[in-house]
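Fold and contact review
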Amino acid sequence: MAQELGLYRKYGLRVQLCREAGWATIRDKIIFGELEAAHALATLPIATTFGLGSVRCDCLTGLILSLNGNAITLSEALWNCGVRDARTLRNQAMERRGRKVLTLGVVSMYSSHNFLLRQWLASGGINPDQEVRIVAVPPPQMHINLKAGNLDGYCVGEPWNSVAVTNGTGWCAATSTQLASGHPEKVLLVQKTFAERRSEEHKGLIAALLDACEYCDVPSNREEMLQVLARPQYIHTPVEYLRKGFLPPFNFGHGQIEHLPNFTIFHGHDANVPSLQKASWVINHFLHSGVLKTPLDPEAARQTFRADIYEQACRLMGRGACEVGSLNTQTVMMMG
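By convention here, each chain's residues receive numbers from 1 onward along its written sequence. Owing to the predicted nature of the model, reporting of local features is limited to residues with pLDDT of at least 70; listing and counting of side-chain atom pairs is limited to 80 or more, with chain, interface and lining totals taken over all residues. Excluded from the side-chain calculations are hydrogens and water; all other atoms, namely the structure's heavy atoms, are used.

**Remarks on the confidence of the model for the protein**
- On average, residues of the protein score 92 in pLDDT, and 95% of them are at 70 or above.
- The predictor's confidence in any single residue is recorded as pLDDT, a number from 0 to 100. Here, two residues are considered to be in contact whenever any of their heavy atoms come within 4.5 Å of each other. With pLDDT under 50 throughout, residues 323-336 is counted as low confidence; its partners more than four residues away or in other chains account for 37 contacts.

Right, here's the structure in full:
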């Protein structure tokens, strides 16, 4: 929307948008300099900086683009077997023991989707490391593999949950709003060297995207946003699939329809501040899942989630400290 609304031009930028196949591709292109900035998973600034799942590269974010936005979808076959939640899924996993292990997809092993799925499984008494198999699958391929029987379920962002529900191949078991309301989901990812050497462009980019986040969070703007997202150069998916994740109500399938106004938050609620609290959410889940073996010094987290750069971009916009005033600057303990 920053491109479509002319917001990059407003801040003197020329931006070429590139649609990529998956999160691993985006991560690698940032690391090797093929992309200068990217809409990325909130986990990637820390994962790339500490070499989790990739070569090590100092990266950071000066802007959170969104909170929430994910859901867990399971197959119709599991519904027909009596599965309704994590507890009844465990019953099915026990029945299959010694035969076919339940296979569940996430967009990356280093993503909020993996954290949320593991949390949900554990709530039903399922050991995510022993009683199911979790695999990484690019988001657009999730519902295709669910329909083919290669996956029994997945955790992904919209519209790929609603595609399965609308086509009758799956149903939604839980949303990230229900599991971890307010969790950081997408960020603006850049290399640290880009932020240092091209700081004015970086701040202008943050300012343009912050304007776009504010626009996208207004319900009356959502319909126009959906028409844009449906275009071939963007998500290239019918508007009726996209609408379900951006405009209430949300259809879980099998007659369950709920009003979830904060399914995806683009602005407000201090959503855009790359605070230490948001960094600690990521780090704590890395520790809990065993991906990260030792706690990080809070200063290392601050150097990756850069509230100071965000504040500078806000001043560029003439907004003073923007939303930074609500930041808690006390030390946040990062526990295993």
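**As for the pattern of salt bridges**
- Salt bridge, as used here: a side-chain nitrogen of Lys or Arg that lies within 4 Å of a carboxyl oxygen of Asp or Glu. What the rule picks out here adds up to 18 salt bridges.
- Put simply, Glu 36, Arg 198 and Glu 201 are held in one network by salt bridges that share partners.

**Overview of the packing of aromatic side chains**
- Aromatic rings from Phe, Tyr and Trp, with only the six-membered ring used for Trp, were paired whenever their centres fell within 6.5 Å, and each pair was classed as stacked if the ring planes differed by under 30 degrees, edge-to-face if by over 60, and tilted otherwise. In total, this model carries 6 aromatic pairs according to the counting rule given.
- Centroid distance Phe 115 to Trp 281: 6.0 Å. Interplanar angle 65 degrees. Geometry classified as edge-to-face. A residue pair is termed long-range when its members are at least 10 positions apart, and Phe 115 in helix H6 (residues 112-123) and Trp 281 in helix H14 (residues 276-289) qualify at 166 residues.
- Buried residues are those whose accessible area, probed at 1.4 Å on protein chains only, stays under 20% of the maximum for their type, while exposed residues exceed 50% and partly exposed ones sit between those limits. Residue Phe 115 is classed as buried on the basis of its relative accessible area, which comes to 3%.
- Trp 281 sits in the buried class, given a relative accessible area of 18%. Going along the chain from the N terminus, every DSSP run of H or I of four or more residues is numbered as a helix, and every run of E of two or more is numbered as a strand.

**Quick word on the nonpolar core**
- With 65 residues, the main nonpolar core has Ile 46, Leu 74, Leu 89, Leu 117, Trp 120, Leu 121 and Phe 286 as its most contacted residues.
- With 7 residues, H14 is the largest single contributor of residues to this core.
- When residues no more than four places from it in sequence are discounted, the contact partners of Trp 120 are Ile 72, Leu 74, Asp 85, Ala 86, Leu 89, Ala 173, Ala 174 and Leu 179.
- Only buried residues count toward a nonpolar core. Its members are Ala, Val, Leu, Ile, Met, Phe, Trp, Tyr and Cys residues joined through side-chain atoms within 4.5 Å. With 39 residues, the next largest nonpolar core counts Leu 205, Leu 209, Val 239 and Cys 314 among its residues.

**Let's talk about the sheet that holds strand E6 (residues 133-136)**
- Here, a strand pair is defined by DSSP locating no fewer than two bridges between the strands. Ordered in space as E6-E5-E7-E4-E8, the 5 strands form an open sheet in which the pairing is mixed. If you trace the sheet from one side to the other, it starts and ends with E6 and strand E8 (170-175), each paired once. Strand-to-strand twist across the sheet, computed as the mean angle between neighbouring axes with direction ignored, equals 25 degrees.
- Relative to E8, strand E4 (residues 70-75) runs antiparallel, the two sharing 5 bridges. Directly across from Leu 74, in E8, lies its bridge partner Trp 171.
- Where helix H8 (residues 160-167) meets the sheet, its contacts fall on E4, strand E7 (153-157) and E8, and the angle it forms with E7 comes to roughly 130 degrees. Axis definition: a line fit to C-alpha positions, over the contact stretch in the case of helices; interaxial angles, taken between N-to-C directions, run 0 to 180 degrees.

**Quick look at the packing of H6 against H14**
- Interhelical geometry of H6 versus H14 gives an angle of 60 degrees and a closest axis separation of 10 Å. As the angle between them shows, H6 and H14 are arranged oblique. Note on packing geometry: the crossing formed by H6 with H14 is left-handed. Two secondary-structure elements touch here, H6 through Ser 112, Phe 115, Arg 118 and Gln 119 and H14 through Trp 281, Val 282, His 285, Phe 286 and Ser 289. Relative orientations are named as follows: roughly parallel for angles under 35 degrees, roughly antiparallel for angles over 145 degrees, roughly perpendicular for angles from 65 to 115 degrees, and oblique for any other angle. Helix crossings get a hand from a simple test, with the near helix turned counterclockwise from the far one by less than a right angle marking a left-handed crossing and a clockwise turn marking a right-handed one.

**Considerations on unusual backbone geometry**
- Going from Glu 158 to Pro 159, the amide bond is cis rather than trans, its omega being 10 degrees.
- With respect to the helices and strands, the residue Pro 159 is situated in the loop between E7 and H8.
- Look at the link from Pro 248 to Pro 249: it is a cis peptide, with omega at 0 degrees.
- Along the chain, Pro 249 turns up in the loop between helix H13 (239-243) and strand E10 (250-253).
- Residues other than glycine seldom take positive phi values, yet His 236 does so here, at roughly 55 degrees.
- In this fold, His 236 is placed in the loop between helix H12 (222-229) and H13.
- Assessed through its relative accessible area of 52%, His 236 is described here as exposed.
- Residues other than glycine seldom take positive phi values, yet His 254 does so here, at roughly 55 degrees.
- By secondary structure assignment, the location of His 254 is in the loop between E10 and strand E11 (256-258).

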